[in-house]
Amino acid sequence: NVRTNQKYEFSLNRQSEALRQVYCLASAEWGVADINNFFRSHGTFSWDFDSESSLACSFDAVASSQKSGWRLLILRRTEDSIHSGIVSDGVTSISVTGTREVEGTTWPLSQESGYLFSNNAEIVGAVEVVNDGRVWIKNNQPPEIREILSAASAALLLKKDLKK
């Protein structure tokens, strides 16, 4: 049984076509979560949710021709100063790292202003969650990665303060 401070869902659409159905749990209290076949790897994924905050989302394909199985997991342990995590389908993994920087300024904020998405140490996208919010995805990304980064960005923009 999972207790959570925030649970939400939304669909990612392109024009009138539904692409992904997204389900998220924020600040879930699970102790240690052993999730069988979470990344479709036929194994068990364990994550200690003894953290100040967490976010877990699944990005389910709506069309049968699309690949399902993408997940977002992000947390900030008590000893860490920023959130970090991963977006993965079990084959492709994109790291997610919080940042306190805001484009156009030299002063970092005291709280996270957004998140960077990196694939093989290359930044492939970013989402700014302060003010009106902004999303940037590198143009050369394949359509599926652009779609998943869009869904992950929307999930991060829609969540309430992860510290609560």
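Conventions used here
Residues numbered from 1 in each chain as written. Predicted model: local features only at pLDDT ≥ 70, side-chain atom pairs only at ≥ 80, totals over all residues. Heavy atoms only, no water. Disulfide = S-S within 2.5 Å. Helix = DSSP H or I, 4+ residues; strand = E, 2+ residues; numbered from the N terminus. Polar contact = N/O pair within 3.5 Å; in protein donor to acceptor, adjacent residues only side chain to side chain. Core = buried A, V, L, I, M, F, W, Y, C linked by side-chain atoms within 4.5 Å. Buried < 20%, exposed > 50% of the residue type's maximum accessible area, 1.4 Å probe, protein only. Contact = heavy atoms within 4.5 Å. Pairing = 2+ DSSP bridges. Expected span 1.5 Å × (residues − 1). Salt bridge = Lys/Arg side-chain N within 4 Å of Asp/Glu carboxyl O.

Within the structure shown, the criterion is met by 1 disulfide. One disulfide in the model links C24 with C57; its S-S distance is 2.2 Å. Negative torsions about the S-S bond denote left-handed disulfides, and the value of about 115° found for C24 with C57 makes this one right-handed. Of the two residues, C24 sits in strand 2 (residues 17–26) while C57 sits in strand 5 (residues 53–61), which places them 33 residues apart along the sequence.

Take the environment of S88 next. Summarising the element assignment, S88 is placed in strand 7 (residues 84–88). Linking S88 and R71, residues 17 residues apart in sequence, is a C-alpha distance of 5.5 Å. Reaching out from S88, the side chain makes a polar contact with the backbone oxygen of T92 at a distance of 3.0 Å.

A separate point is the nonpolar core. Judged by nonpolar contacts, the single largest core of 27 residues is most densely connected at L55, C57, F59, L72, V87 and F117. Sorting the residues of this core by element identifies strand 1 (6–14), strand 2, strand 5, strand 6 (70–76), strand 8 (93–99), strand 9 (114–119), strand 10 (122–128) and helix 1 (143–158) as the ones contributing at least two each. Excluding its chain neighbours within four sequence positions, the residues that come into contact with V87 are F59, W70, R71, L72, T92, S93, I94, V96, F117, I148 and A152.

Topologically, S58 is positioned in strand 5. Sequence spacing of S58 and R20 is 38 residues, and the spatial spacing of their C-alpha atoms is 9.4 Å. The residues touching S58, leaving out its near neighbours within four places in the chain, are Q21, V22, Y23, W70 and R71.

What follows covers the side chain of S113. As for its position among the elements, S113 is in the loop between strand 8 and strand 9. Within the local environment of S113, its side chain forms a polar contact with the backbone oxygen of E101, the two atoms lying 2.4 Å apart. Those residues within four positions of S113 in sequence are excluded, and the remaining contacts are T99, R100, E101, V102, V127, E128, V129 and V130.

What follows deals with unusual backbone geometry. The phi dihedral of Q15 is positive, around 55°, even though this residue is not glycine. Its relative accessible area of 81% is what places Q15 among the exposed residues.

Here we take up the pairing of strand 9. Most of strand 9 sits inside the fold, with 5 of its 6 residues counted as buried. Here strand 8 pairs with strand 9 via 5 bridges, running antiparallel. The residue of strand 9 that forms the bridge with S95 is S118. Across 6 bridges, the pairing between strand 9 and strand 10 is antiparallel.

Compared with an ideal rise of 1.5 Å per residue, which puts 16 residues at 22 Å, helix 1 spans 22 Å between its outermost C-alpha atoms and is within 8% of the ideal. Taken together, the buried positions of helix 1 are occupied by I145, E147, I148, L149, A151, A152, S153, A155 and L156.

Turning our attention to the pattern of salt bridges. Within this structure, the stated rule accounts for 7 salt bridges. Ionic pairing is found between R71 and D60, a salt bridge with its closest N-O pair at 3.8 Å. Of the two residues, R71 sits in strand 6 while D60 sits in strand 5, which places them 11 residues apart along the sequence. Classification of D60 by relative accessible area gives partly exposed; the value is 25%.

Right, let's get into the pairing of strand 10. Burial of strand 10 is extensive: 5 of the 7 residues sit out of reach of the surface. Between strand 9 and strand 10, which follow one another and run antiparallel, lie 2 residues, and N120 among them has a positive phi close to 55°. Strand direction decides the pairing type here: strand 10 and strand 11 (residues 134–137), joined by 4 bridges, are antiparallel. Counterpart to V127 in the pairing with strand 11 is V135.

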